[in-house]
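# Observations on the model geometry
Letter by letter, the chains look like this.
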Amino acid sequence: NPENKSIVVLNQLYPVGKYGHYASYFEDEVKTITVQRDPRDIYIAAKKINTTYSSWIPTSNVNDFITYFKLINKRDIMNEPNELIIYFEDLIYKYAETSQKIDDFLGIKSPKIKKYFNAERSIDNTQLFLKYTEYSEDIIKIEKELHEFLYDYSNIKKRPQWLNSF
């Protein structure tokens with residue numbers, strides 16, 4: 001923090017679920033926002049859309065993906081007071097509510113509503129598992145094995161079409 005800012009934002013300061021261990025290395029309070037995403041969409045995005053960017057995600061075998069996903073989402077401690085866990089999908093389908101939750105957690109009032117994150121564009125990166133029906137057997141396996149990580153789409157309208165996923 002060479003400019004001595006009161007708030008510094010970093011991406012992936014430490015591994016998911018390791019909050020308590022890594023926060024002890026900082027003398028100032030560290031607040032962490034962990035963004036989770038539906039594993040069905042992660043699988044499809046890595047397999048069909050972001051193949052170069054996501055090449056490290058195992059998708060040639062759905063069982064390998066499930067094992068990988070469980071490993072990276074293993075948490076040492078749940079419900080840390082300085083950690084907020086949100087879903088990527090909530091930033092799209094419940095933008096105002098989720099943005100307010102982030103502001104409240106950080107103790108700020110964000111003046112840049114929708115300046116850096118475009119929910120209208122990012123919506124095309126959700127419900128991908130419905131678009132790529134050729135992977136329906138893999139999706140059924142993911143739903144069975146990773147059910148606790150699935151986003152609850154029960155009150156969300158199903159996507160009739162997707163424009164440009166990225």
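Please read all numbers here as calculations on a predicted model, not as lab measurements.

On a plain count of helices and strands, the protein comes out with eight helices and two strands. Counting helices and strands in the order they occur from the N terminus, the protein gives α-β-α-α-β-α-α-α-α-α. The buried share of the protein, reckoned over its 166 residues, is 39%. Taking the intrachain contacts of the protein between residues at least 6 apart in sequence as the baseline, contacts between residues at least 24 apart amount to 77%.

Turning next to the packing of helix α3 (residues 62-72) against helix α8 (residues 136-145). Running from amino to carboxyl end, α3 crosses α8 at an angle of 30°, the nearest separation of the two axes being 10 Å. It follows that α3 is roughly parallel to α8 by the angle criterion. Helix-helix and strand crossings are classified by hand; for α3 and α8 the assignment is right-handed. Facing V62, N63, F65, I66 and K70 of α3, the residues of α8 in contact are D138, K141, I142 and E145. Looking at side-chain class alone, the contact of α3 with α8 contains four nonpolar, one polar and four charged residues.

Take unusual backbone geometry next. One non-glycine residue, Q127, lies in the positive phi region at around 55°. By secondary structure assignment, the location of Q127 is in the loop between α6 (119-122) and α7 (128-131). By relative accessible area, which is 2% here, Q127 ends up buried.

Attention now moves to the nonpolar core. One finds Y43, I44, F65, F69, I142 and L146 to be the most contacted residues of the largest nonpolar core, which totals 23 residues. Elements that contribute at least two residues to this core include exactly α2 (39-49), α3, α7 and α8.

What follows is about the pairing of strand β2 (residues 83-87). Within β2, four of the five residues are buried, leaving the element largely enclosed by the surrounding structure. Across five bridges, the pairing between strand β1 (residues 32-36) and β2 is parallel. Bridge pairing in β2 places T34 opposite I85.

This next bit is on the packing of aromatic side chains. The final tally for this structure, using the stated rule, is ten aromatic pairs. Plain terms: the ring middles of F69 and F149 are 5.1 Å apart, the flat faces sit at 80° to each other, and that makes the pair edge-to-face. With F69 in helix α3 and F149 in the segment after α8, the pair connects residues that are 80 residues apart, well separated along the chain. The buried category is assigned to F149, whose relative accessible area is 12%. Ring pairing ties together the aromatic residues Y43, W56, F65, Y68, F69 and F149, which thus form one cluster. The ring of F105 carries K31 above its face, with NZ or CZ at 4.9 Å from the centroid. Seen from the ring of F129, R40 lies directly overhead, with NZ or CZ sitting 3.9 Å from the centre.

Overall, the predicted model of the protein reaches an average pLDDT of 83, with 84% of residues at or above 70. Mean pLDDT in the protein bottoms out at helix α1 (residues 19-23), which sits at 73, and peaks at α8, which reaches 97.

The relative placement of two packed helices comes down to the angle between their axes together with the axis-to-axis distance. Where α2 contacts α8, the two axes come as close as 9 Å, and the packing angle between them is 145°. Crossing angle aside, the handedness with which α2 passes α8 is right-handed. Contact with α2, carried on its side by P39, R40, Y43 and I44, involves D138, I139, I142 and E143 of α8 and no other residues of that element. Broken down by class, the residue content of the contact of α2 with α8 amounts to five nonpolar, no polar and three charged.

All right, on to the environment of I92 then. Summarising the element assignment, I92 is placed in helix α4 (residues 88-93). When its relative accessible area of 10% is taken as the criterion, I92 is described as buried. Between the C-alpha atoms of I92 and I123, which are 31 residues apart in sequence, the distance is 6.2 Å. Those residues in contact with I92 that lie beyond four places of it in its chain are F117, A119, S122, I123 and T126.

Conventions adopted
- Residues numbered from 1 in each chain as written.
- Predicted model: local features only at pLDDT ≥ 70, side-chain atom pairs only at ≥ 80, totals over all residues.
- Heavy atoms only, no water.
- Helix = DSSP H or I, 4+ residues; strand = E, 2+ residues; numbered from the N terminus.
- Buried < 20%, exposed > 50% of the residue type's maximum accessible area, 1.4 Å probe, protein only.
- Contact = heavy atoms within 4.5 Å.
- Axes fitted to C-alpha atoms, helices over the stretch in contact; angles between N-to-C directions.
- Parallel < 35°, antiparallel > 145°, perpendicular 65-115°, else oblique.
- Left-handed = near helix turned anticlockwise from the far one by under 90°.
- Nonpolar A, V, L, I, M, F, W, Y, C, P; charged D, E, K, R; others polar.
- Core = buried A, V, L, I, M, F, W, Y, C linked by side-chain atoms within 4.5 Å.
- Pairing = 2+ DSSP bridges.
- Phe/Tyr/Trp six-rings, centres within 6.5 Å; stacked < 30°, edge-to-face > 60°.
- Lys NZ or Arg CZ within 6 Å of the ring centre and 35° of its normal.
- pLDDT = per-residue confidence, 0-100.

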